[in-house]
Every structure is written in C-alpha cells, then in structure tokens.
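So you can see what is in the structure, the chains are spelled out below.
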Amino acid sequence: MLGDSMTFGWGSNETFSTHLERQINQDFQVLNAGIGNTNTYMQINNFFTNFKKYDFDIIILNFFINHFENIKIKNV
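Heads up: these notes are all about the structure in this document.

About the cut-offs
Residues numbered from 1 in each chain as written. Predicted model: local features only at pLDDT ≥ 70, side-chain atom pairs only at ≥ 80, totals over all residues. Heavy atoms only, no water. 1 Å grid on protein atoms, 1.4 Å probe; cavity = no way out; pocket = protein on both sides within 12 Å on 5 of 7 lines; lining within 4 Å. Points joined across faces, edges and corners; volume = space filled by probe spheres on them. Nonpolar A, V, L, I, M, F, W, Y, C, P; charged D, E, K, R; others polar. Phe/Tyr/Trp six-rings, centres within 6.5 Å; stacked < 30°, edge-to-face > 60°. Buried < 20%, exposed > 50% of the residue type's maximum accessible area, 1.4 Å probe, protein only.

### Side note on the layout of surface pockets
What the largest pocket holds in volume is close to 440 Å³. Taken together, 16 residues line the largest pocket, and the ones lying closest to its centre are F28, Q29, V30, D57 and I58. Residue composition of the lining of the largest pocket, by class: 13 nonpolar, one polar and two charged.

### As for the packing of aromatic side chains
On inspection of all chains with the given rule, the structure shows five aromatic pairs. Relative to F48, the ring of F47 lies with its centre 5.2 Å away and its plane at 85 degrees, an arrangement referred to as edge-to-face. By relative accessible area, which is 5% here, F47 ends up buried. On the basis of relative accessibility, which here comes to 44%, the residue F48 falls in the partly exposed class. Geometrically, the ring pair formed by F47 and F51 is stacked, given 5.3 Å between the ring centres and 15 degrees between the ring planes. Of the two residues, F47 and F51, neither departs from the other in class, the shared state being buried. Through a chain of ring-to-ring contacts, the aromatic side chains of F47, F48, F51, Y54 and F56 assemble into a single cluster.

Interpretation in functional terms is not warranted from these geometric data alone.
As structure tokens, then:
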C-alpha cells in the first residue's frame, strides 16, 4: 500500500495494511509503504526503489487530491 502518513498509520492504533491483511486470504502479505509528508510522486519513487525485491501482484494507492502537487526536490 502506497500513501502518506494516513497509510503509514500516524496516530492510529491499527494501519490500513494490517486491517486489510487480516481481512483477506492468509496467502497474501500486505506491505505498508506509507511515508508521512510526501506526495504521490515521492511515494511511487520510494516504492519502486526500496520495494523492488518483492514480487507484488497488486498496488493500492491511498491519496488525497493535494498529493498530486508538483513539489521540486532540491539537492543539498
């Protein structure tokens, strides 16, 4: 699951990914790739960089309309 702090589980007792994994067939592992303070572009880049070793069948994107804002990343 891709998303921001809501997907990550900030301030929650249970994440979306934990709840989903419990509700579906036990043959599936649900990965939580949520990152706070990011937009969709950043989340997708992170996922395909850091989670490429997994053989995933489905990608679930959790987003809000402001996640499509173009944010310039500055090299320091």
